Each structure stands twice: as structure tokens, then as C-alpha cells.
Amino acid sequence: MRWSRTVVALTATAALVLSTTGCGSTEEDPATADATGAPAGGPAVVASTTWVGALAKAAGIADVTVIAPANVQHPPDYDPKPSDLAAVADADYVLYAEFDGFADRLTEAAGGDAELVPVQLENTPAAITAEVTRLGELFGTAEAATAWLAEFDSTYAELSEQVKAATAEPQTAVSHLFMAYWAEFAGLQVAGTFGPAPVTASQLAELTATKPAVVLANAHLPGANPDVEGAARVDIVNYPGADLDLLAVFRTNAESISAALAGS
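Keep in mind it's a predicted model, so treat the numbers as computed, not measured. (Residues numbered from 1 in each chain as written. Predicted model: local features only at pLDDT ≥ 70, side-chain atom pairs only at ≥ 80, totals over all residues. Heavy atoms only, no water.)

Caption draft 1: Representation of the overall build of the protein. Helices and strands together make up the secondary structure of the protein, namely eight helices and eight strands. Relative to its 264 residues, the protein shows a buried fraction of 45%. Taking as baseline every contact in the protein between residues at least 6 positions apart, the subset at least 24 positions apart corresponds to 52%. Summed over its atoms, the accessible surface of the protein is roughly 12400 Å², and 53% of this surface lies on carbon and sulfur atoms. (Helix = DSSP H or I, 4+ residues; strand = E, 2+ residues; numbered from the N terminus. Buried < 20%, exposed > 50% of the residue type's maximum accessible area, 1.4 Å probe, protein only. Contact = heavy atoms within 4.5 Å. Areas by Shrake-Rupley, 256 points an atom, 1.4 Å probe, with all protein chains shown as cover.)

Following this line, the structure appears as C-alpha cells:
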């Protein structure tokens, strides 16, 4: 791939030793690495959305090109323009989620040398650890990926405990189907789920009958979330902002859930 040829050229002309996991080198010149521990001038990575891009960044890629803008409410529905897809042709890796509506257009625009990498998206420790580890090995940035995961584990545990401390006794929740795993993070018991189809009157009655403390709503699909009488609505996000900071997603949701539980 172009990335491999670039590494060879840099090594020959600058006589620098590049150190990445799997390369067999044990020394690293500071001039060849960025702040993440990844090789300077690393592979060109294009991601479909900020969620996908955040995993690439966590795995050690400092500069990730994202197709769907961060301000799009539901990124999988984004309709990319030809100019949005221009960077894809020059990518070494194209990352996408299979449920992205424009995944086919993204893969069609990829150049012949680009490696297409489907990514599994779920904001749980197990899924994040698996994907960041896999991508770090793929990019040759395993050391940076391991360091980020250590920070993630610590941050997740700290935030989870803070949320659980926001209420003195166990609470129940009803949740959008795609957000239900956030209940474990918050120490909530899921009494029922809804979506992705619109909630019917009978379903709303069933959800209300469980007397939940909170509704874990999907912030990216606002029209799919019902108002349940007596329950505080918490808009949960999965997609990070333009900074591709996945930890910020956990901090934001922890703050939102804690505020709702404190008032319940």
C-alpha cells in the first residue's frame, strides 16, 4: 500500500528508525512520532462519521478525515456530496459502520489501494476495547491504542461510579433500543425498551405502567422518543463532536443522567 512505500522512503532518505508495534524496532526518534505515539505522517484514514473517527483517533491516528459533519443530528442519514468523497480516493484506510446509509457510496469512491474497514459501533467497554485494539494493530499503532484504553478504563469506572452515586436507591428506566446499554453504565434497571419504530399508544401505556425514573432517549433520533409521565427524559448521545473525543461522550451522558437521577 502507499503507506508502506512511504515508510520505506522515509527510512532510506532520513536514516530514521520508526518504532511501531509489529515492525521489529525497539527505538524511536522523537522526530518520527506525534503526540499519540503514532508514526509521523501515518496512514491516511477516512471515517464515515465522528463515532467511527473517534475509534480511529483512540487507536492512535492523530489526523482523521470525517465525511459526515459533526453537526448532523443523525450522521448515518447524511447525504455526502461528491466533494465530501474526494478524500476517500487518496485514503489508505476507509472506515465505516455497516448501518451508515451512505456506506455503499463511500466504498465505491475508495481508491484501488484503500483498505475498506467496517467498524462495529457500540459504546460499551467490551466493544470499544475490541475495536480500538483491532484498529491499533491494523494501523501499527498498538502502543498508542493500549495507552488510550488504559485512560478509557479509568475514566469509565470513575464516571460510572459518579452516576450511580447520584441516587440513593436503585432506579428503573425505559430506553430507546439503541441506548439501552447505557443503563448498565448508570446502574439502572431497564423496565422496557422502545424504537426504532414509532411508539404506539398501547406501547406508551405499557412503558408508563413500569413507572420509570428516567427515559433514556436517543438524542440522534428525537422524533422516536416518547414522553413518559412521571419520568425524566435524558437525551443520550453516541456520536462525539468534531474533536472526535469519545471520552467526552461518556462525560456528557454521565452529567445528563446524574442530573436526572438527582431530581428523581
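Caption draft 2: Spatial organisation of the pairing of strand E4 (residues 115-118). Sheet topology places strand E3 (residues 93-96) next to E4; four bridges connect them, and they run parallel. Note on E4: the bridge partner recorded for Tyr93 is Glu115. (Pairing = 2+ DSSP bridges.)

Caption draft 3: Spotlight on the sheet that holds E4. With parallel pairing, the four strands of this open sheet are ordered in space as E2-E1-E3-E4. Because the sheet does not close on itself, it has two edges, and the strands there are strand E2 (64-66) and E4. Each adjacent strand pair in this sheet contributes to an overall mean axis angle of 25°, direction not counted. Seen against the sheet, helix H2 (residues 50-58) touches strand E1 (45-47), E2 and E3 and runs at an angle of roughly 175° to E2. (Axes fitted to C-alpha atoms, helices over the stretch in contact; angles between N-to-C directions.)

Caption draft 4: Geometry of the environment of Ala260. As for its position among the elements, Ala260 is in helix H8 (residues 246-262). Considered as a pair, Ala260 and Val215 are 45 residues apart in the sequence and their alpha carbons are 9.5 Å apart. When sequence neighbours within four positions are dropped, the list of residues in contact with Ala260 reads Val214, Ala232 and Val234.

Caption draft 5: Structural view of the nonpolar core. Within the largest apolar cluster, 50 residues are counted, with the highest numbers of intra-cluster contacts made by Leu95, Val132, Phe139, Trp148, Val214, Leu246 and Phe250. For this core, the leading source of residues is H8, giving eight residues. Not counting chain neighbours up to four residues away, the residues in contact with Val132 comprise Leu55, Ala58, Ala59, Ala145, Trp148 and Leu149. In this structure, Tyr78, Val94, Tyr96 and Phe102 belong to the second largest nonpolar core, which totals 14 residues. (Core = buried A, V, L, I, M, F, W, Y, C linked by side-chain atoms within 4.5 Å.)

Caption draft 6: Summary view of the packing of helix H4 (residues 125-139) against helix H5 (residues 142-164). Interhelical geometry of H4 versus H5 gives an angle of 165° and a closest axis separation of 8 Å. Comparing the axis directions of H4 and H5 gives the class roughly antiparallel. Remark: the crossing between H4 and H5 carries right-handed chirality. Every residue of H5 that contacts H4 at Pro125, Ile128, Thr129, Val132, Thr133 and Gly136 is listed here: Ala142, Ala145, Trp148, Leu149, Phe152, Asp153 and Tyr156. Grouping the constituent residues of the contact of H4 with H5 by class yields nine nonpolar, three polar and one charged. (Parallel < 35°, antiparallel > 145°, perpendicular 65-115°, else oblique. Left-handed = near helix turned anticlockwise from the far one by under 90°. Nonpolar A, V, L, I, M, F, W, Y, C, P; charged D, E, K, R; others polar.)

Caption draft 7: Focus on the packing of aromatic side chains. Here the structure, examined in full by the defined rule, presents 12 aromatic pairs. Seen from their ring centres, Trp148 and Phe152 are 5.4 Å apart, and the 10° between their planes marks the pair as stacked. On the criterion of helical spacing, the pair formed by Trp148 and Phe152 is a turn pair, its members being four residues apart in helix H5. You can call Trp148 buried: its relative accessible area is 15%. Judged by centre distance (5.4 Å) and plane angle (75°), the rings of Phe152 and Phe250 are edge-to-face. Placement of Phe152 in helix H5 and of Phe250 in helix H8 is noted, with a sequence separation of 98 residues between them. Since its relative accessible area comes to 1%, Phe152 is described here as buried. Feature note: the residues Trp148, Phe152, Tyr156, Tyr181, Trp182, Phe185 and Phe250 constitute an aromatic cluster, connected by ring pairs. (Phe/Tyr/Trp six-rings, centres within 6.5 Å; stacked < 30°, edge-to-face > 60°.)

Caption draft 8: Quick peek at the confidence of the model for the protein. Mean pLDDT over the protein works out to 86, with 84% of the residues at or above the 70 mark. Note on residues 1-39: pLDDT is under 50 here. Beyond four places in sequence and across chains, it has 55 contacts. (pLDDT = per-residue confidence, 0-100.)

Caption draft 9: View of the pattern of salt bridges. By the definition in use, this model includes five salt bridges. The partner of Asp79 in a salt bridge is Arg105, and the shortest N-O contact between them spans 2.6 Å. Here Asp79, found in the loop between E2 and E3, pairs with Arg105, found in helix H3 (residues 103-109); they are 26 residues apart in sequence, far enough to count as distant. Its salt-bridge partner being Arg233, residue Asp235 comes within 2.9 Å of it at the nearest N-O pair. A single salt-bridge network, built from bridges that share partners, covers Asp227, Arg233 and Asp235. (Salt bridge = Lys/Arg side-chain N within 4 Å of Asp/Glu carboxyl O.)

Caption draft 10: Highlighting the packing of H5 against H8. Interaxial distance between H5 and H8 falls to 9 Å at its minimum, and their mutual angle equals 5°. Classified by the interaxial angle, the pair formed by H5 and H8 is roughly parallel. Where H5 approaches H8, its residues Trp148, Glu151, Phe152, Thr155, Tyr156, Leu159, Gln162 and Val163 are matched on the opposing element by Leu246, Leu247, Phe250, Arg251, Ala254, Ile257, Ser258 and Leu261. For the contact of H5 with H8, the per-class residue count stands at 11 nonpolar, three polar and two charged.

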